Amino acid sequence: MIAALAMVVGVVLGLALEPTVPLWLQPYLPIAVVAALDTVFGGVRAQLDGIFDSKVFVVSFVSNVLVAALVVFLGDKLGVGGQLSTGVVVVLGIRIFGNAAAIRRHLFRA
Amino acid sequence: MSTSLLNDLLSDHLDKGYAEVAARRAGRTAGGEMPHARRSGRLWLALGLLLTALLLAAAFRATTTQAPESARASQALVHDVQVGTATSDWLKRRAEDLSARLVRERDAVLATSKTGDRVTRQLQQVEAAAALVPVRGPGITVELGDAVAGQLDPATGDRITGTPEDSGRLQDRDLQSVVNALWAAGAEAVSINRERLAPTTAIRAAGEAILVDLFPLTSPYIIEAIGNPDTLLPRFADSGAARRYQSLVGVYGIRFGVQRSPDLQLRAATGTEPQYAHLLDETNAGPATGGAQGGQPSSAGSPSVPPGGGP
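Residues numbered from 1 in each chain as written. Chains lettered and ligands numbered in written order. Predicted model: local features only at pLDDT ≥ 70, side-chain atom pairs only at ≥ 80, totals over all residues. Heavy atoms only, no water.

Asks: I keep staring at the nonpolar core and nothing clicks. Help me out?
Replies: Buried together is how nonpolar side chains tend to be arranged in soluble globular proteins. Grouped together as the largest cluster of nonpolar side chains are 29 residues, with contacts concentrated most on Leu182(B), Ile192(B), Ile223(B) and Phe236(B). Where this core is concerned, the elements lending two or more residues are strand E1 (135-145), helix H5 (172-184), strand E2 (189-192), strand E5 (209-212), strand E7 (221-226), helix H6 (229-237) and helix H7 (240-252) of chain B. It is H5(B) that contributes the most residues to this core, five residues altogether. When residues no more than four places from it in sequence are discounted, the contact partners of Ile192(B) are Leu175(B), Val179(B), Leu197(B), Ile203(B), Val212(B), Leu217(B), Tyr221(B), Ile222(B) and Ile223(B). Core analysis: the next-biggest nonpolar cluster, separate from the first, contains 20 residues, Val21(A), Tyr28(A), Ala32(A) and Ala35(A) among them. (Core = buried A, V, L, I, M, F, W, Y, C linked by side-chain atoms within 4.5 Å. Buried < 20%, exposed > 50% of the residue type's maximum accessible area, 1.4 Å probe, protein only. Helix = DSSP H or I, 4+ residues; strand = E, 2+ residues; numbered from the N terminus. Contact = heavy atoms within 4.5 Å.)

Dropping the structure here:
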């Protein structure tokens, strides 16, 4: 209940406050979003596996987002930012699909 | 090593942290979960979901505001172009006004003597030929237009042969041949879409646009020609260019029409800059040309004034 409320509050805050993403941060926003999606799918799958832990969820969410952005940031500084962000998207994308497949197996037994 | 990395990537999708915590919890399963731990867990979850929702909403917001930004940029560019066009139009009008005033002043000065009268008449003829003054009079109007995109054949319902992108689009040489036919038919002054054609005005293509006197024009092209309509119209209608475009109307669907116009007003062409001749520099010319002409730099501006000769 609290969790659902928190999510609604988050959406409302994000939409209503229009937090202006600083220009230097904007290239990392898509990467952060993909990392966040990966964490969310992982959390749902862990819940279905029966081993969900909210602390792990939050810590992995924050660290995934930060690390993904940091990797791309480093890549930008070293001249391989584009390739590294592609790499991050590929790896996280594979994980998202794998977790989604696991969730599907749980839900539909197929 | 690398294969195990790839294997991990392809097989282990779940964060290892969940399994570790579950194992640890299973190790001290004896006591069961305390209510305190459950409450903090729920708070953690709420925090995580809040952050997730905030991030996703912010990203959504950033993406939706970014799109209008690019649109805004192009709108600003369009606005700049419009302002620039308006400024250039205004300057053009002002140049016309000033040159008209110049002509009036000059005529007033020249009208004081008989020689001046003759010079004025000569000047007027020369200026009319050079399209430097606005003119009005009867004539004919020729309308040329690109084939309309997606025009359908009334009989079959199919698209008319030839896509408008290539064959139905008028080129610079189409305008050139029509204008040349008008000159040949006896037109005394010609303008395309209000752009007066001077003897040195170029009609040429730049990309997809047709430039007349360096101003881009778009279809339809209204070509106005002043001349005796009774001879101009039949002569032009009989010319090769007119007959060719008349036949192209049926083939490609371009627009082509000729009509009499009792009263046409053509504005002056933008002044042509001499390409090789240039004005004598006031400071240098003074001593070089000798004392006879010194102190009369303005005489350099009217080189066509012939020396005396009146009675």
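Following the structure, the description resumes.
Asks: Help me understand unusual backbone geometry in this model?
Replies: Most peptide bonds adopt trans geometry, and most residues besides glycine take a negative phi value. All names here are of chain B. If you check the backbone angles, Asn-193 has positive phi at about 45 degrees while not being a glycine. Structurally, the position occupied by Asn-193 is in the loop between E2 and strand E3 (195-196). The backbone of Arg-194 sits at a positive phi, close to 70 degrees, despite the residue not being glycine. Relative to the helices and strands, Arg-194 resides in the loop between E2 and E3.

Asks: I'm lost on the side chain of Ser54(A) in this one. Help?
Replies: With respect to the secondary-structure elements, Ser54(A) resides in helix H3 (residues 54-78). Residue contacts for Ser54(A): discarding those within four places in its chain leaves Gly41(B), Arg42(B), Trp44(B) and Leu45(B).

Asks: Teacher, can you tell me more about the interface of chain A and chain B here?
Replies: By a widely used convention, the size of an interface equals the accessible area lost when the partners come together. Facing 42 residues of chain A, the contacting portion of chain B comprises 33 residues. Of the roughly 3400 Å² buried at the junction of chain A and chain B (both faces included), carbon and sulfur atoms supply 78%. On inspection of chain A and its partner chain B, the count reaches one salt bridge. In this structure, Arg25(B) engages Asp53(A) in a salt bridge whose closest nitrogen and oxygen atoms are separated by 2.4 Å. Between chain A and chain B we count two residue pairs in polar contact (both at pLDDT 80 or more) in total. Taken together, the elements giving at least two residues each to the side of chain A that touches chain B come down to helix H1 (2-16), helix H2 (29-49), H3 and helix H4 (81-108) of chain A. Counting residues per element, the side of chain A that touches chain B draws most heavily on H2(A), at 11 residues. In the side of chain A that touches chain B, the residues fall into 27 nonpolar, nine polar and six charged. (Buried area = accessible area lost by both parts, 1.4 Å probe. Salt bridge = Lys/Arg side-chain N within 4 Å of Asp/Glu carboxyl O. Polar contact = N/O pair within 3.5 Å; in protein donor to acceptor, adjacent residues only side chain to side chain. Nonpolar A, V, L, I, M, F, W, Y, C, P; charged D, E, K, R; others polar.)

Asks: Explanation requested: the packing of H5(B) against H6(B) in the structure shown.
Replies: Helix-helix packing: each pair is described by the crossing angle between the helix axes and the interaxial distance. All names here are of chain B. The geometry of H5 relative to H6 is characterised by a closest axis approach of 9 Å and an angle of 135 degrees between their N-to-C directions. By the angle class used here, H5 and H6 are oblique. Relative to H6, H5 is oriented so that their crossing is right-handed. Note on element contacts: H6 touches H5 through Leu-232, Arg-235 and Phe-236, opposite Val-178, Ala-181, Leu-182 and Ala-184. Per-class residue counts for the contact of H5 with H6 are six nonpolar, no polar and one charged. (Axes fitted to C-alpha atoms, helices over the stretch in contact; angles between N-to-C directions. Parallel < 35°, antiparallel > 145°, perpendicular 65-115°, else oblique. Left-handed = near helix turned anticlockwise from the far one by under 90°.)

Asks: Just checking my understanding: could you explain the sheet that holds strand E8 (residues 255-266) of chain B for this structure?
Replies: Working definition: the strands of a sheet are paired by backbone hydrogen bonds and lie parallel or antiparallel to each other. Residue and element names in this part refer to chain B. If you trace the five strands from one edge of the open sheet to the other, you get E3-E2-E7-E1-E8, paired in antiparallel fashion. A strand with exactly one partner marks an edge of an open sheet, and here the two such strands are E3 and E8. In the sheet, E1 pairs with E8 via 10 bridges, with the strands oriented antiparallel. Bridge pairing in E8 places Ile-140 opposite Arg-260. Docked against the sheet, H5 engages E1, E2 and E7, running at close to 15 degrees with respect to E7. (Pairing = 2+ DSSP bridges.)

Asks: Is there a simple way to explain a nonpolar patch on the surface in this structure?
Replies: A cluster of nonpolar residues, Met1(A), Ile2(A), Leu5(A), Val9(A), Leu13(A), Leu17(A) and Leu43(B), forms a patch on the protein surface that exposes about 730 Å² of accessible area. For the nonpolar patch, the element with the highest residue contribution is H1(A), accounting for four residues. By the element assignment, Leu17(A) lies in the loop between H1 and H2. (Patch = residues over 30% accessible without salt bridge, like charges linked within 9 Å, V, L, I, M, F, W, Y side chains within 5 Å. Areas by Shrake-Rupley, 256 points an atom, 1.4 Å probe, with all protein chains shown as cover.)

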